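# A structural walkthrough
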Amino acid sequence: MRRITRALAALGVAAAAMTAVGTGSAGAADGSWAGCPYGAVCLYPQDQNPASSPSAVYWSYGAHNLSGQYGNHWVLNNQSGGAHAHLCQSSGGGNCVYDIPAQKGVYYDLGPINSITLDRP
């Protein structure tokens, strides 16, 4: 009976951990998520899956131009208060094609993406 109880407890912990990762909620006590500081938008190296160590961290609102980013990358929006991030085909934040709400992330081909915007709620 104890084995079954332990197995069920372990299964419950594993399910809770998978739910936290799947919903994009910040997991660390300081609010960081997959190495992305709370309040930032993070870009991860090509094909790093799962996301663990960002290659670029963006803090300020507005457009941030990208250079030399091709293939699939994780982009995590760990901003607060409903702030969004957008993936845009033009430099300077023009022709945005994908919206990333706060506390969410996307694995996206950045080949056609030339900028990321951080937008106030």
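Whatever comes next refers back to the structure up there.
Presented here is an overview of the structure given in this document. (Residues numbered from 1 in each chain as written. Predicted model: local features only at pLDDT ≥ 70, side-chain atom pairs only at ≥ 80, totals over all residues. Heavy atoms only, no water.)

With that settled, the discussion passes to the packing of aromatic side chains. Overall, the coordinates contain two aromatic pairs when judged by the stated rule. Judged by centre distance (5.3 Å) and plane angle (45°), the ring pair of Trp-74 and Tyr-107 falls under tilted. Of the two residues, Trp-74 sits in strand 4 (residues 72–77) while Tyr-107 sits in strand 7 (residues 104–109), which places them 33 residues apart along the sequence. Take Trp-74: its relative accessible area is 22%, and that puts it in the partly exposed class. Taken together, a centroid distance of 5.3 Å and an interplanar angle of 55° make the contact between Tyr-98 and Tyr-108 tilted. Of this pair, Tyr-98 sits in strand 6 (residues 96–100) while Tyr-108 sits in strand 7; the two residues are 10 residues apart in sequence, bridging distant segments of the chain. (Phe/Tyr/Trp six-rings, centres within 6.5 Å; stacked < 30°, edge-to-face > 60°. Helix = DSSP H or I, 4+ residues; strand = E, 2+ residues; numbered from the N terminus. Buried < 20%, exposed > 50% of the residue type's maximum accessible area, 1.4 Å probe, protein only.)

Ordered in space as 3-8-5-6, the four strands form an open sheet in which the pairing is antiparallel. Taken across any chain shown, the strands that pair with only one partner, and hence form the sheet edges, are strand 3 (62–65) and strand 6. Neighbour-to-neighbour, the strand axes of this sheet turn through a mean angle of 25°, independent of strand direction. (Pairing = 2+ DSSP bridges. Axes fitted to C-alpha atoms, helices over the stretch in contact; angles between N-to-C directions.)

What is shown is where atoms sit, not what they do.
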